Amino acid sequence: MEPSRSTPNRRVALRFCGCLGASLSLIAAPALAQSPPPAAPPAEAEASTGEAVVRGRGQPPRGAGDVNITVGQLSQVPRSSAGDLLRLAPGMFLANGLGEGHADQVFLRGFDARSGQDLEFSVNGVPINEPAHPHGQGYADTHFLIPELVESLHVLEGPFDPRQGDFAVAGSAQYSLRLPARGAHIQYRGGSYNTHRTVALWGPEGESAGTFGGAELATSDGYGQNRSYQRATANAQYEGRSGALTWRVLAMSYGIRYRSAGVIREDDHLAGRIGFYDTYDPTQGSEVSRHLVSAEVDSTRTASVLRAQAWASLRSFRLRENFTGSLLDVQQPYQSLHAQRGDLIDQAASTVDVGMRASARLRTTWRARTQSLELGAYARHNAVDSTQQRLRATTDVPYLTDYSLDNSVSNLALYLDAELRPLGWVVLRGGIRADLFQYDVLDRCAVRGVTVRGAPLDAECLSVDRSGYRSPSQRRTSGGIAWQPRGALFLGPWKGVTVAMSAGLGARSADPVYLGNDQQLPFSPITALEGGVVFDRRLAGLALSARALYYRTHVGQDLIFNETEGRNTLASGTTRQGALVAARATNDWLDLSAHLTYARATFDDDGNLVPYVPEWVARFDGAVHRSLPWRIRGRAITASAGLGATWVAPRPLPFSERGQSIFTVDAQVGARWAYYELGFIAQNLFDAQYAWGQYNFTSDFRSRDYPTLVPARHFTAGPPRQLFVVFTLHLGAAAARHGAPTETAR
Amino acid sequence: MKRLALPLLLALAPGCGDTTGSQRVTFAVEAAGIERDAAQPLSFTNDQGWSITLSEARVALGPLYLNTIAPLEGDRRSPLQRLGDLLLPSAYADGEAHLGSGRIVAQVTTQVEVDALAPALTAVPGGGDGIDVPALTAEVWLFNRDGALGGAAVRVAGTARRDELEVPFEGSLVIDQSLVSAGGSIDEARKVRGIPARVTPSEGGALRVRVDPRGWFDGADFRELTTGAAREGRYRFTAQDNVGRAFLNRVRSRSSFTVSFSPTR
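The rules we used
- Residues numbered from 1 in each chain as written.
- Chains lettered and ligands numbered in written order.
- Predicted model: local features only at pLDDT ≥ 70, side-chain atom pairs only at ≥ 80, totals over all residues.
- Heavy atoms only, no water.
- Helix = DSSP H or I, 4+ residues; strand = E, 2+ residues; numbered from the N terminus.
- Contact = heavy atoms within 4.5 Å.
- Pairing = 2+ DSSP bridges.
- Disulfide = S-S within 2.5 Å.
- Buried < 20%, exposed > 50% of the residue type's maximum accessible area, 1.4 Å probe, protein only.
- Phe/Tyr/Trp six-rings, centres within 6.5 Å; stacked < 30°, edge-to-face > 60°.
- Lys NZ or Arg CZ within 6 Å of the ring centre and 35° of its normal.
- Buried area = accessible area lost by both parts, 1.4 Å probe.
- Salt bridge = Lys/Arg side-chain N within 4 Å of Asp/Glu carboxyl O.
- Polar contact = N/O pair within 3.5 Å; in protein donor to acceptor, adjacent residues only side chain to side chain.
- pLDDT = per-residue confidence, 0-100.

Visitor: Would you mind going over the environment of I146 of chain A with me for this structure?
Guide: Residues and elements named next belong to chain A. Note on placement: I146 falls in the loop between β6 (126-127) and β7 (150-157). Sequence-wise, I146 and L201 are 55 residues apart; in three dimensions their C-alpha atoms are separated by 9.5 Å. With near-sequence residues (within four places) excluded, I146 lies in contact with R197, V199, L201, G214, A215, E216, T233 and N235.

Visitor: Can you help me understand the pairing of strand β19 (residues 398-423) of chain A in this one?
Guide: Remark: a regular strand shows side chains that alternate across the two faces of the sheet. Residue and element names in this part refer to chain A. Two strands pair when backbone bridges link them, and strand β18 (residues 369-391) and β19 are joined in this way by 20 bridges, in the antiparallel orientation. Within the sheet, the bridge partner assigned to Q388 lies in β19 and is Y403. Hairpin connection of β18 to β19: six residues between the antiparallel strands, including T394 at a positive phi of 70 degrees. Looking at chain direction, β19 and strand β20 (residues 426-443) are connected through 17 bridges and run antiparallel. Along β20, the bridge assignment pairs A418 with G430. Where β19 hands over to β20, the hairpin turn is made up of two residues, counted between the paired strands.

Visitor: Looking at this structure, I do not really get the sheet that holds strand β2 (residues 93-95) of chain A. What am I missing?
Guide: Residues and elements named next belong to chain A. With respect to topology, three strands assemble into an open sheet ordered β2-β3-β4, the strand pairing being antiparallel. One side of each edge strand has no neighbouring strand; the edge strands of this open sheet are β2 and β4 (111-112). Examined bridge by bridge, strand β3 (residues 105-108) and β4 share two bridges and lie antiparallel to one another. Counted as the bridge partner of F107 is D112 from β4.

Visitor: Which parts of the structure should I look at to understand the state of the cysteines?
Guide: Disulfide: a covalent bond connecting the sulfur atoms of a pair of cysteines. All names here are of chain A. In this structure the tally under the stated criterion is one disulfide over all chains. Put simply, C445 and C461 are joined by a disulfide, and their sulfur atoms are 2.2 Å apart. Its S-S torsion of approximately -95 degrees makes the covalent link between C445 and C461 left-handed. With a gap of 16 residues between them, C445 in the loop between β20 and β21 (464-465) and C461 in the loop between β20 and β21 connect regions that are remote in the sequence. By relative accessible area, which is 0% here, C445 ends up buried. Here C461 falls in the partly exposed class, since its relative accessible area comes to 26%.

Visitor: I keep staring at the sheet that holds β6 of chain A and nothing clicks. Help me out?
Guide: Neighbouring strands of a sheet are bound in pairs by backbone hydrogen bonds; such pairs are parallel or else antiparallel. Residue and element names in this part refer to chain A. Strand order in the open sheet formed by five strands is β1-β7-β8-β5-β6, with mixed pairing between adjacent strands. With partners counted over all chains shown, the strands left at the sheet margins are β1 (66-70) and β6, one partner each. Sheet topology note: the β1/β7 ladder contains five bridges and is antiparallel. Within β7, the residue paired with N68 across the bridge is H154.

Visitor: Hey, could you run me through the environment of V114 of chain B in this one?
Guide: All names here are of chain B. Along the chain, V114 turns up in strand β6 (residues 112-115). Judged by relative accessible area, V114 falls into the buried class, the value being 4%. Residues V114 and A60, spaced 54 residues apart in sequence, show a C-alpha to C-alpha distance of 6.3 Å. Excluding residues that lie within four positions of it along the chain, V114 makes contacts with A31, A32, G33, A57, R58, V59, L61 and V211.

Visitor: Help me understand the packing of aromatic side chains in this model?
Guide: Counted by the stated rule, this structure contains 29 aromatic pairs over all chains. Aromatic pair Y690 of chain A and W692 of chain A: ring centres 6.2 Å apart, planes at 85 degrees, arrangement edge-to-face. On the basis of relative accessible area, Y690 of chain A is assigned to the buried category, the value being 7%. Classification of W692 of chain A as buried rests on a relative accessible area of 13%. Members of the aromatic cluster, each reached through a chain of ring pairs, are W50, F169, W216, F217, F222, F237 and F247 of chain B. Of note, R367 of chain A hangs over the ring of W366 of chain A, and the distance from its end group to the ring centre comes to 5.4 Å.

Visitor: For this particular structure, what's the right way to read the interface of chain B and chain A?
Guide: Put simply, an interface is often sized by how much accessible area is lost when its parts join up. Residue-level contacts link 34 residues of chain B with 30 residues of chain A. Summing both sides of the interface, chain B and chain A together bury roughly 2500 Å²; the carbon and sulfur share of this comes to 57%. Inspection of the region where chain B meets chain A yields three salt bridges. For the salt bridge of R600 of chain A with D18 of chain B, the shortest nitrogen-to-oxygen distance reads 3.9 Å. On the surface where chain B and chain A come into contact, there are 13 residue pairs in polar contact (both at pLDDT 80 or more). Only α1 (2-12), β5 (104-108) and β8 (128-131) of chain B provide two or more residues apiece to the side of chain B that touches chain A.

Visitor: I tried to follow helix α4 (residues 242-250) of chain B on my own but got confused; where do I start?
Guide: Residue pairs spaced three or four apart in an α-helix point in one direction, given the helix's 3.6 residues per turn. Residues and elements named next belong to chain B. Inspection of α4 places N242, V243, G244, A246, F247 and L248 among the buried residues, and these make up the whole buried set. Contacts from the buried residues of α4 go to β10 (154-162) and β11 (165-173). You can read the cap of α4 off the contacts: a side-chain oxygen lies 3.2 Å from the backbone nitrogen of V243, and it is on D241.

Visitor: Please clarify how the pattern of salt bridges should be interpreted in this entry.
Guide: Here the idea is simple: oppositely charged side chains can pair when their charged atoms come close. The full count for this structure, using the stated rule, is 60 salt bridges over all chains. One salt bridge connects R145 of chain B with E113 of chain B, and the closest N-O pair in it is separated by 4.0 Å. Here the residue R145 of chain B occupies a position in the loop between β9 (135-141) and β10, and E113 of chain B occupies one in strand β6, the gap between them amounting to 32 residues. One salt bridge connects R214 of chain B with D212 of chain B, and the closest N-O pair in it is separated by 2.9 Å. Take R214 of chain B: its relative accessible area is 40%, and that puts it in the partly exposed class. In this structure, a network of salt bridges that share partners links the residues R62, D161, R163, R361, E374 and D417 of chain A.

Visitor: Explain the confidence of the model for chain B here, please?
Guide: Residues shown with low pLDDT carry predicted positions that ought not to be read at fine detail. Considering every residue of chain B, the mean pLDDT works out to 85; 82% of them sit at 70 or more. Low confidence marks residues 91-99 of chain B, where pLDDT is under 50. Its contacts with residues over four positions away, or in another chain, come to 17 contacts.

Next up, the structure:
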């Protein structure tokens, strides 16, 4: 070995070289030796706020809470999914105690977005939230993304951009997939609970970072009882260019089968009747698949940016879960005599999703400053066949149909967005969006759960009501337009400080389950305000970005978790307000990010707190990577370390209680030499035993001699400490140069 | 800046509405027989003119639930409350059928053996829990119990006298399929519902349940027992005689129990 010298340039060259494990930087490492990624179009480089290095897909900032997160070095912080990257956004807290393939429960700005209802997700422009989903309106599962392919994440908190669409209540999150690292990368990760994950990524030499392929296979027994899973994922995109024209074709395919442990009663756990990581009902679990294609074309010229995109997606979903044990199957007069058959819910959906978006952004110069105007259109149609049944305990035989719907949900939107710079220190961005929501819902089981004279016992989907014969099905149609003005005012920057004020109206489409026929406003209106300051400057060799802001959001008709339905159900209006501070400091070997958020969410009618929403959330991410002062066969060794810590204050629970706080730490260390990379990951380093989800509701899991019929504390167990070893093999020309003297001397 | 800071702090500070509505509570539970002079035997006269003296009356009490559903007629209310009801009447359905599942707001999920002849309250281990929402009725679910109850839910013994006839008797309530009516379930057979209980559970309070056996033999004519043979000096009633039928019905009536709640123990 010989000491290697470190120069500033070398540090820059090694900036992406230290990562290990399931992280992006290991992929990014050879990228610097490749042709640089295509330059961002002019509009994308105009960000004046945020920590953006790359501003995703042409999104100028819309407020102090608009952050473009380049994962970069922070990929060295252990994360288990693409959804985990959201933790980098200020105020974001994720939980997922219901299974490996279950959509993450997202908490942001006082919203318990459950599985996505309040956060608009998109991947390379394709919307992910699922209208009319049986597990909740706006269900957004991002597990079909290979996290190593996520280059950046644009999170806009609040509905302040006319381009934000349905579900942008707390905000929106846009994933941008690219693979800057050219060549092939094969990674194996194995460790706790018989977990094995293999990922193969491929970025053809000579093509842009937008051209990539990736495949993943993962299996695990999962921690505790009934948390096993098997998953396969493929993500691929081709990006071509010809002059001003750029086109992309994206294809994704994903399937997972996972088991879910469900909830545990705290009193049973404390009494030793059940273990913290055990399950009451091993039949809980899910099978999900998604297949998606998208085609997109951009034409970027000095005076205009034209974009068009179309996509199609097929999805299947089945989920069995039991929150209440054997509580709800009360003997009804229209049922033959029965004992409790259990509350296992079986939700299923088959979805066809097609859509398009197109926009034209025109630029001109006025008073020596660039002004722009964008016109855009968005259309999406979802055909969703959804059912919810109840299954007999242990046998999986359905005994009751809660609903059976054939949904057609359309969303057409037009928007106008302007960017005006009347003065050098004043920028106005905003416009108006109009969303037309249309529903055509065929309820195939319109008459159920009622006593009708002469009707046979136990009959479902009756063809008779109290007036006589009728068809068992009934159609409900509805539609309406949501007008949503949105805008932001920026003053500055002065010495890196920009003052930002934003306001906007948003909308969340109605859940078809609760839709009335000819309902005039089939959406929930949202009003949001935000004010804050952003600091963005390079100081003492560090790129510093910091922000502090206050926000307030009102939702006309909210959705709150209901354990008997296993999903969120309608509630009254709610108001959230709060504040956050966030900062990120980056140089060529260090990347630090921290944020602290306060949120207070209350119901309009009685002023009570909205349950389950954490009031305080703090997150720290830090990563370092350096070239070690030794060489092997003339090649440098690069080492890296990452650490992430989350703290969540006790959450308000129903019945005026508080849950437990959460504090977890994840860490990763590793080293790379030439083609090889080895790393070690510890998730939940200190083995904290914590409850990811905490609830107060009534259940009866037959864990006592007699039925339990009053609310009790329940939880879903967060994962214990998990240790993994990661080995990565890098192939290709870039890998061949990694750590070589010619490489590090650049 | 100060002008802005104050409203901001006020807006963000946890306010008086720092609750999600109602509260979970735990409370003590005490059970006993009716209040009386324990030194004297419990004697009463049923509607058939039989003077009954009980020597044993044991009940397997629990689980017990408090429900928000309205009581049936016969609620033991004060004259003032009854006057209020006349001015602002509540709507009650006829019969038991209206007793849907309601909403349970408190529970006692342990079973204890209560001596209905002993007036002194004894603590029920484990107490009860629930939420601080007003309840209107209580319901007792009867389960069989071993030990002194010998596998029955209720065991009773005593002597009935009318005129010159003295009938020593004994019997029990055993919850089994023989109690299930056509179209009914054993769960329904074990439930005593609609017990008036206008109480609001609160943290640290005490739920008191008293078992009153004085109505258990209304309608019973003990003369029928004497047509059979006595065993060890006592006539045993069964579901096949009028005493047993009366007992099986009356012991599962809401008048067999009184429920109250004290905010303090």
